Amino acid sequence: MITRDLLHRLPKAELHVHLDGCIRPATMIDLARAQGVTLPADDPAALARAMFVRNAQNLEEYLEKYTVTLAVMQTPGALERIAYEFVVDSAAENVRYVEVRYCPALHTPALTYAQAVEAPLAGLKRAEAETGTMARLIVCGLRTLEPRVSLDLARLAVDYRRAGVVAFDLAGSERGHPARDHAKAFEHARGNGLACTCHAGEGDGPESIRQALEICGAQRIGHGTRLHEDPDLAAYVCEHGVPLEICLTSNLHTHTVTDLARHPAADYLRRGCMVTLNTDSRLMDATTLTDEYWVAHRTLGLSRADLERVVLNTFRAAFLPEEEKTALLARVTKELSEAA
Ligand SMILES: [Zn+2]
C-alpha cells in the first residue's frame, strides 16, 4: 500500500529544479523588505497564491513569474540564503542528492559573475554540512540571450567545476530559440569535461530534443515530454538510456500536457526509458518532490516497484563522479529495501 507518507520517507534525488523557483514565501518577504522591493502580496500565504501558476497558456507565460523572485535575488546574501534554505527544505523530505540550476546572468549587473556563482555554492555547502544532503549546482544559459552570453556562462561553469558546479544547461523560451544557436557554449563545456543537459521537448517538439542530443551533445534531456511525437528518436533515447528529467506538475502548468493522466512519462518508463522525477519549481508549481511521486502513483498509476526504479534512475543519472555515485547508490539501495 503506497501512502504519501511512505513516498515522503523514501530516499530521493532531484536533478531538475530552478533555484529562482524555490524561494520560501516568508524569505521573499524578508528580502523584499530589506531591499525595498515591492511584491504582489505581503503575507506568506497570499504571496504563495500569487506566485502559483495555475492557468498559464504556455511556457512563456509561466516564465514571467520568475521576474518576481529574481527581483529579490540580486545580492550575494540573498542567493546564499535561498540556496541554503532550498537544500534544508529538500533534506526535510528525504532528498539525499540534489542538483539545482539557475542562470548567473540574471543576477548581473548587480553582482559579478564570480559573486553570482560563489554565493549559491556557499549556501549549498553550508546546508550540505548541516543536513548531509549532497547539493550541486548547474549553470544555465538562456535561449533568449545572445549565444555569446551562453558561451560566457559555459566558461563560468567550467571555471567552477571543482567547486560544486556539475553541468551546463540551456533553459528559457524554447520555441523560436533553437539550441543549435548555442552550440559553442555546449562545445566549451563538454570540451572541458563538464556534463551537459538541455531543456527540450517542453515548449517545442522532438526536433528540439534532437538538436539537444545531436548538436549540443546533451547527456540528459530537461523534460523531453514531447519525445513520443518522434518514434525513432524515442526508441533511440530509450535504448541508449538517455535520462529524461520529467517534471509532471510543471508540464500541466505550462500546457505541455493538457491532462496529467495522459502524461507520457508512464509509457516512457514501461518502454525502459531512464525516467527521473523532479519538481522544476516548488513555488510556481506549488509542489514538492514527494507530491510529484504521489502524482506519479495516483494519476499515472506507477507501482511501488516503478517508483523505486525512478528513484534509482534519478541517482544513476546524477552528474557525480562514478566513485561518489556508486557509494551514494549503495546507501540509497539499502535504505529503499528497509523502507516499510
Ligand atoms: Zn526547467
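Here goes a summary of the coordinates provided. A quick note: this is a predicted structure, and the numbers were derived from the prediction, not measured.

## Describing the environment of Glu-323
Along the chain, Glu-323 turns up in helix α16 (residues 322-338). C-alpha separation for the pair Glu-323 and Arg-262, spaced 61 residues apart in sequence, amounts to 38 Å.

## Topic: helix α15 (residues 304-316)
For α15, spanning 13 residues, the distance from its first C-alpha to its last is 18 Å, which sits close to the expected 18 Å at 1.5 Å a residue. Of all the residues in α15, the buried ones are Asp-306, Leu-307, Val-310, Val-311, Leu-312, Asn-313, Thr-314 and Phe-315.

## As for the packing of helix α2 (residues 25-35) against helix α3 (residues 44-51)
Axis separation between α2 and α3 bottoms out at 8 Å; the angle between their running directions is 100°. Of the possible angle classes, the one that applies to α2 and α3 is roughly perpendicular. Residues Pro-25, Ala-26, Met-28 and Ile-29 of α2 pack against Pro-44, Leu-47, Ala-48 and Met-51 of α3. Among the residues forming the contact of α2 with α3, the class breakdown is 8 nonpolar, no polar and no charged.

## Observations regarding the environment of Glu-99
Within the secondary structure, Glu-99 sits in strand β2 (residues 95-102). If near-sequence neighbours (up to four positions away) are discounted, Glu-99 is found in contact with Glu-14, Leu-15, His-16, Val-17, Arg-136, Ile-138, Val-166, Arg-220, Ala-318 and Phe-319. Here Tyr-97 takes part through its side chain, which lies 2.6 Å from a polar atom of the side chain of Glu-99.

## Things to note about the state of the cysteines
Applying the stated criterion across every chain yields a total of 1 disulfide. The partner cysteine of Cys-238 in its disulfide is Cys-273, sulfur to sulfur 1.8 Å. Every disulfide takes its handedness from the sign of the S-S torsion; for Cys-238 and Cys-273 that torsion is -60°, giving left-handed. Pair noted here: Cys-238 is in helix α11 (residues 231-239) and Cys-273 is in the loop between α13 (265-270) and β8 (275-277), with a separation of 35 residues, a long-range link. For Cys-238, a relative accessible area of 11% translates into the label buried. Looking at Cys-273, the relative accessible area reads 2%, which means it is buried. No disulfide involves Cys-103; its sulfur sits 6.6 Å from that of Cys-140, the nearest cysteine. Here Cys-216 stays unpaired: no disulfide links it, and the sulfur of Cys-198, its closest cysteine neighbor, is 5.4 Å away.

## Digging into the layout of surface pockets
Considering only enclosed or pocket space, the largest pocket measures out at about 400 Å³ in volume. Along the walls of the largest pocket sit 22 residues, with Leu-63, Tyr-66, Leu-106, Leu-142 and Gly-172 positioned nearest its centre. Secondary-structure elements contributing two or more residues to the lining of the largest pocket are α4 (59-63), α5 (66-71) and β3 (134-142). As a volume, the second largest pocket reaches approximately 280 Å³. In this structure, the second largest pocket is lined by 15 residues; those nearest its centre are Val-166, Gly-193, Phe-319, Leu-320 and Pro-321. Counting residues per element, the ones that place at least two in the lining of the second largest pocket are β4 (165-171) and α16. For the lining of the second largest pocket, the class distribution of residues is 8 nonpolar, 2 polar and 5 charged.

## Remarks on the sheet that holds β3
As summarised here, the arrangement of the 8 strands in space is β1-β2-β3-β4-β5-β6-β7-β8, forming an open sheet in which the pairing is parallel. In this open sheet, the two strands that pair with only one neighbour each are β1 (12-14) and β8. Adjacent strand axes in the sheet meet at a mean angle of 25°, parallel and antiparallel pairs treated alike. Pairing between strand β6 (residues 220-223) and strand β7 (residues 244-246): 2 bridges, direction parallel. When the sheet's bridge partners are listed, Gly-222 is paired in β7 with Glu-245. Contacts between α15 and the sheet are confined to β1, β2 and β8, with β8 contributing the most and set at about 95° to the helix.

## Details of the pairing of strand β5 (residues 195-200)
Among the 6 residues of β5, 6 are classified as buried, and the element is accordingly described as predominantly covered. Side chains of β5 alternate between two faces, with Ala-195, Thr-197 and His-199 and Cys-196, Cys-198 and Ala-200 buried alike. Note: β5 against β6, 4 bridges, orientation parallel. Its bridge partner being in β6, His-199 is matched across the sheet by Gly-222. Considered for its hand, the β-α-β crossover made up of β5, helix α10 (residues 206-215) and β6 is right-handed.

Cut-offs applied
Residues numbered from 1 in each chain as written. Predicted model: local features only at pLDDT ≥ 70, side-chain atom pairs only at ≥ 80, totals over all residues. Heavy atoms only, no water. Helix = DSSP H or I, 4+ residues; strand = E, 2+ residues; numbered from the N terminus. Expected span 1.5 Å × (residues − 1). Buried < 20%, exposed > 50% of the residue type's maximum accessible area, 1.4 Å probe, protein only. Axes fitted to C-alpha atoms, helices over the stretch in contact; angles between N-to-C directions. Parallel < 35°, antiparallel > 145°, perpendicular 65-115°, else oblique. Contact = heavy atoms within 4.5 Å. Nonpolar A, V, L, I, M, F, W, Y, C, P; charged D, E, K, R; others polar. Polar contact = N/O pair within 3.5 Å; in protein donor to acceptor, adjacent residues only side chain to side chain. Disulfide = S-S within 2.5 Å. 1 Å grid on protein atoms, 1.4 Å probe; cavity = no way out; pocket = protein on both sides within 12 Å on 5 of 7 lines; lining within 4 Å. Points joined across faces, edges and corners; volume = space filled by probe spheres on them. Pairing = 2+ DSSP bridges. Right-handed = clockwise from strand over helix to strand, strands pointing away.

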